[in-house]
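# Inside the fold
Spelled out from the first residue to the last, the chains are:
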Amino acid sequence: MRKGVTAVWFAALAGTAFLPGVACAQVSDPGPGQGAPVKKLPDSDPQETQQAQQGAPQDEAIVPDAEFEAALPRLSDDINAPLEPIPDMGKPPVTQPATPGSVTSQIESFPPPAAEAPEFAQPLIPLAEFKVEPVKIEGVDDEKVTTIRYTVAVEGLDKIGLEDKFRDLSALEDGDGKAANAAMVAARAREDEKLAVRLMHSLGYYDGTAISTIEQNPKNSGNVRATITATPGALYRLAKVEVVSTPTVPPGLLDRELNLNPGDPIQAERVQGAEANVSLRLPQQGYPFTKVGDRDILLDEETHTGDYTLPVELGPRASFGAIVTEGRRQVFDVDHINILRRYKPGQLYDSRKVDDLREALIATSLFSTVSVEPVRTGEVGPDETEVVDLLVRQNRGRARTLAAEVGYSTGQGFRAEGSWTHRNLFPPEGALIASAILGTQEQGVTGTFRRSNAGQRDRTFQASASLNHSDFAAFESYTGSVAVRWSRDSTPIWQKRWTYFYGAEIVGSNEDRYNFSAGGRDRGTWLIAALPTFIGYDASDNLLNPTRGFRLKANVSPETSVRGAARPYARLMVEGTVYYPVSSSIVLAGRARAGSIPGVARDDLPPSRRYYAGGGGSVRGFGYQELGPRSPDGRPVGGRALNEFAIEARYRFGNYGIVPFVDAGQVYEGIYPTLRNMRFGAGIGGRLYTNFGPLRVDVATPIARKPGESRISLYISIGQAF
């Protein structure tokens, strides 16, 4: 037993060789139990003091310093010498393992485990079917989520014009001043720090920094204020601008279209816009395969400048070649597509003309998908260009359309019009249209053949036949007509500056009228031949909902009516509209119209060919055809001249609008619109703006109303009044 204790003691002595400083500290400043005297504290217990002075019992005497130093192992002066072996202190006695029986006899015996419940052996419920039902505690309401309120302050960004943009994108501002706790406010503030730095970088302040602070405001109120403090630093500017590319024709084309110069601020929007301009403008000037590479900007922190390098792969300078087409369900052959293009083979390539061809194909509404892209041929073209063909990929879409339109107005009642169209029954673009009108005062059917892009782009040929019955306040008629027309029309997809039509029309009409010679109403049948023509100029910005610009229209229709004798005359009409934006939400719109029918007496004109005024498309506040001279039986007679005026203030908010308006007009028996006896109507309208045009509801009343005139007139239709 003594031998084992000695081995431990020498091991302890060997360990102290590595901690001499600690050992010295213990000896130089002895404490209780190490031979140091114990000082008696004033409040100490006498019994405890006596025990401390006696010391704790020790198994061994204290080793003197000299003996302790002598016991330490000697260290070699060579730090690379191998370690000395540890002397054999003896091996501990080997203990024989206990026999199983003896171990078992020493362990307390336990009863066998209980049988496992059968529920534990069942398979687990699939995660998708697992449902957690909230725990309901009787008498306890659900805990309300507490929120704190905060305000946001921004410092430093207003100096460089970024505060408004920062607030638009801010996570703090997006939280509307509410958060679940202060930690959420701090998280939003950290995101806004990064946002402020990104915004400063976007303007060229690459040394910009931002910090956020959160503090109660006022103190102990529970409300906090988040402050974002930004320090922009110096503005970085371009020092050198280099475009790595092959030479262009004409020289300097790339530098001119990039338009970045030394000294310009390194602003992200400006740089990205300049690169986008290269991608847009180079294909418009003969380089269809231009590819703009990744820019490189090397910043100098000392001079606050940056060297800009942009690689550009030009590709060949090209000229237009032929059109080729592919697709499993093609609509047009190459010959018809050639009618739609606005360039000639051999001209310098211009991507705007390619886009124009694509838009013309889309405007036919005959494709499910269609694309136009340049294809290299390797052939040499004019002026050392390469000929490129245009590949038209086309897939046929649905060619049939059902359409309907419903309207209502006081004096005219309900009017519903429906149509069925097959747009390509007679290829190419030969359409068959069947339409019908069903209304309170009008019924009719019409069949139309229409050939779009007939031998020339944007030219339409149309032939139609119709049967109509009209029962208006001015007259009742049964009419049959056939007509042909060539036209150039605007559509919502393709609004054109100049439009026109010309054609011929033959009408047979049985109508009633007031016969002033006989002093009563009678019926008559007229045969009418007409050559209607129209020309229009449209400088507005939208076909169905214009907000700026103007339009001019003129109609001339030489006609002859035959009832016993032939009476030639001409129907003339001019109209102008103007649209002026007062602000982003208010548009002033005005309209003026004047018409005249020279060459025939009013009573010799068929009632359906006379001019009338009043109604939703004329002078609101009055019923349909209500203005103008009247017969002794109180019904409108119509006239040979008219004038109309209207002004509206179109106020729009979101998808809704309010439109106050004033209309004026009159119909005259003579051929000159003299502006005498003008009648006025005023009202207000509502608008619902949709993707296919505004829905219009107008309510109006006549000013200085006369007996028999409507107090209130209501008009419902699609599109603006003008």
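Moving on: the pairing of strand S24 (residues 641–653). Each regular strand carries side chains that alternate between the two faces of the sheet. Sheet topology note: the strand S23 (residues 586–596)/S24 ladder contains eleven bridges and is antiparallel. Pairing of Ser596 across the sheet is with Ala641, part of S24. Here S24 runs beside strand S25 (residues 656–668); their pairing, made up of eleven bridges, is antiparallel. Of the residues in S25, the one forming a bridge with Glu648 is Phe661.

A word on the pairing of strand S7 (residues 296–300). As defined by bridge partners, S7 adjoins strand S8 (residues 305–313) across five bridges and the pair is classed as antiparallel. Bridging across to S8, Asp300 finds its partner in Thr305. Between the end of S7 and the start of S8, which pair antiparallel, lie four residues, with His304 showing a positive phi angle near 55°.

Overall, the coordinates contain 42 salt bridges when judged by the stated rule. A salt bridge links Arg521 to Asp512; the nearest nitrogen and oxygen atoms lie 3.4 Å apart. Classification of Arg521 as partly exposed rests on a relative accessible area of 28%. A residue is classified by how much of its surface remains accessible, and Asp512, at 10% relative accessible area, is buried.

What follows deals with the sheet that holds strand S11 (residues 386–396). Read from one edge of the open sheet, three strands run S9-S11-S10, paired in mixed fashion. This sheet does not close on itself; its edge strands, each paired only once, are strand S9 (318–326) and strand S10 (367–380). Neighbour to neighbour, the strand axes of the sheet diverge by 25° on average, direction disregarded. Where S9 and S11 come together, seven bridges link them in parallel fashion. Bridged to Glu326 within S11 is Arg393. Each of S9, S10 and S11 touches helix H12 (residues 351–363); the most contacted strand, S10, lies at about 150° to it.

A few words now on the nonpolar core. Counting 22 residues, the largest nonpolar core has Tyr150, Leu157, Phe166, Leu172, Val185 and Met200 as its most contacted members. For this core, the secondary structure elements donating two or more residues are strand S1 (148–155), helix H8 (182–202) and strand S4 (224–231). Residue contributions to this core peak at six residues, all from H8. Among residues more than four places away in sequence, those in contact with Met200 are Leu157, Ile160, Leu162, Tyr205, Gly208, Thr209, Ala210, Ala230, Thr231 and Pro232. Within the second largest apolar cluster, 21 residues are counted, among which are Ala318, Phe320, Ile323 and Val354.

This part is about the environment of Asp541. As for its position among the elements, Asp541 is in the loop between strand S20 (533–538) and strand S21 (549–563). For the pair Asp541 and Gln495, spaced 46 residues apart in the sequence, the C-alpha separation amounts to 8.9 Å. Setting aside chain neighbours within four positions, we find Asp541 in contact with Gln495, Pro546, Thr547 and Arg548.

This paragraph deals with the sheet that holds S1. Pairing is mixed in the open sheet, where four strands are placed in the order S2-S1-S4-S3. Looking at the sheet topology across the chains shown, the edges are occupied by strand S2 (178–179) and strand S3 (209–216). Strand direction decides the pairing type here: S1 and S2, joined by two bridges, are antiparallel. Within S2, the position partnered with Arg149 by the bridge is Lys178.

Basis of the calculations
- Residues numbered from 1 in each chain as written.
- Predicted model: local features only at pLDDT ≥ 70, side-chain atom pairs only at ≥ 80, totals over all residues.
- Heavy atoms only, no water.
- Pairing = 2+ DSSP bridges.
- Helix = DSSP H or I, 4+ residues; strand = E, 2+ residues; numbered from the N terminus.
- Salt bridge = Lys/Arg side-chain N within 4 Å of Asp/Glu carboxyl O.
- Buried < 20%, exposed > 50% of the residue type's maximum accessible area, 1.4 Å probe, protein only.
- Axes fitted to C-alpha atoms, helices over the stretch in contact; angles between N-to-C directions.
- Contact = heavy atoms within 4.5 Å.
- Core = buried A, V, L, I, M, F, W, Y, C linked by side-chain atoms within 4.5 Å.

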